[in-house]
Amino acid sequence: MKNRPLIMTPGPTEVAENVRLARAKATTNPDIDAEFYDFYKATCSKFAQFLKTKNDVRILAGEGILGLEAAVASLTEVGDRVLVLDNGIFGRGFADFVKIYGGTPVLLSSSKTQAFNLELLSDFLEKDHDFKYATVVHCDTPSGVLNDLEHICPLLKKYDILTVVDSVAAMGGEPLETDAWQIDIVCGGSQKVLSAPPGLTFLAISTAAYQAMQSRKTPIASFYCNLLVFKDYYEQQWFPYTMPISDIYGLAQAIDNLLADTEILARHAAIAQATRKTVEQAGLQLYLESGFSNTVTVIKVPEKLSDKTILSEMLEHYNVMMTGSFDELAGKVLRIGHMGENARPDKVATTLFALQKSLEHLGMQLQEQMAEYFLAQFKNEGC
Ligand SMILES: *Cc1c(COP(=O)(O)O)cnc(C)c1O
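This section reports on the structure supplied with the text.

So, how was this worked out
Residues numbered from 1 in each chain as written. Predicted model: local features only at pLDDT ≥ 70, side-chain atom pairs only at ≥ 80, totals over all residues. Heavy atoms only, no water. 1 Å grid on protein atoms, 1.4 Å probe; cavity = no way out; pocket = protein on both sides within 12 Å on 5 of 7 lines; lining within 4 Å. Points joined across faces, edges and corners; volume = space filled by probe spheres on them. Helix = DSSP H or I, 4+ residues; strand = E, 2+ residues; numbered from the N terminus. Nonpolar A, V, L, I, M, F, W, Y, C, P; charged D, E, K, R; others polar. Pairing = 2+ DSSP bridges. Axes fitted to C-alpha atoms, helices over the stretch in contact; angles between N-to-C directions.

### As for empty space enclosed by the protein
It is the rolling of a water-molecule-sized probe over the atoms that shows where space remains empty. Scanning the model with the defined rule gives two cavities of 30 Å³ or more in all. Roughly 60 Å³ of volume is contained in the largest cavity. Every residue along the wall of the largest cavity is listed here: Ser-143, Gly-144, Arg-276, Leu-286, Tyr-287, Leu-288, Phe-292, Ser-293, Val-296, Thr-297 and Val-298. Element by element, the count of residues in the lining of the largest cavity is highest for strand S11 (residues 296-300), at three residues. Residue composition of the lining of the largest cavity, by class: six nonpolar, four polar and one charged. Looking at the second largest cavity, its volume works out to about 40 Å³. If you go around the second largest cavity, the residues you meet are Arg-23, Ser-190, Ala-196, Pro-197, Pro-198, Gly-199, Leu-200, Asp-247, Gly-250 and Leu-251. Here the lining of the second largest cavity gets three residues from one element, more than from any other, and that element is helix H9 (residues 245-260). Across the lining of the second largest cavity, the residue classes tally to five nonpolar, three polar and two charged.

Take a look at the structure:
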């Protein structure tokens, strides 16, 4: 049997060893044991610290998509107008959730290869701002575009529009200031920068968002996606369903890892910058023009080559797993996830080496030795 490949996809990421071990701890009955309620509460508080918020945090049993759907399900009533900021596949995807719950999504589209255009948003809002809430993606992973939440969310709040943010693929690898940036609901997932296995999502929920849920005229059309059923779990010592205790033990270790890692943002920035510079130096092309997220690098598939051939060459001969993309980007780009446990110079260097050898084997000549060039950028930093 072959060794496990080096997983360099933009989520799920490589799971930290102490996270794997934490998941193996003996368990209690999480529905009944008061100690587990305290543990869950303490873990939520650590997430609040990580997300820089005083708001309530809840951890739900399901991966990132559950968090996004729960936010939409809990806020949306039939006929509500929702502003959907669209400069990527996840951005646009929020419209589907809004429709499922009877809302009317209004898409505002901005170039897919740049951060969302603030002037476009500001001009649009001057004319039309009758929205209950707006949805924004922090890093839209299929293209790797990063949006400027620091300016987008306060602009929306000026018009009393609640903000729902998908930061699943950015938080931990990019700055995120939930309260300072006035984010009402922010969603994350266990399998990205946190480097825990897929299976958990978490949300920070503002008082204004809770009020919008509580003042609905119609009930929330879901149980599993209803954020209000979790609101008073601690006072009531009651969870709406049995919590996946082992997953939460793992996630608690993952958040401890992140809080202890004071260099994590700088490391993501240095690695991402060096990766982009190397890719361009070698004569390959980045997909984006600007608005690069430091969690993922997205490279155009070189002419006359196919993503599938390159990826299978890399996996078969070098045991490195990268990925392509999907929807309108299917077949057009290759993605390196350098987030969380994957944001290590040695792992990215191995990946670039495998990419280079695979491209050369398929007949393409590059203009630089990528692994060496990449590593040379860390020489004076002791990484
Ligand atoms: C990974 C991710 C999610 C979670 O979705 P899955 O496709 O189920 O992994 C949500 N939003 C973004 C931006 C993500 O990158």
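### Description of the sheet that holds strand S10 (residues 200-205)
Pairing between the strands of a sheet comes from backbone hydrogen bonds, and it takes one of two forms, parallel or antiparallel. Pairing in this open sheet of seven strands is mixed, and the strands run S2-S10-S9-S8-S5-S3-S4 from one edge to the other. At either end of the open sheet lies a strand with only one pairing partner, and these are strand S2 (56-61) and strand S4 (104-109). Averaged over all adjacent pairs, the angle separating strand axes in this sheet is 20°, with direction ignored. Where strand S3 (residues 81-86) lies against strand S5 (residues 133-137), three bridges are found, and the strand directions are parallel.

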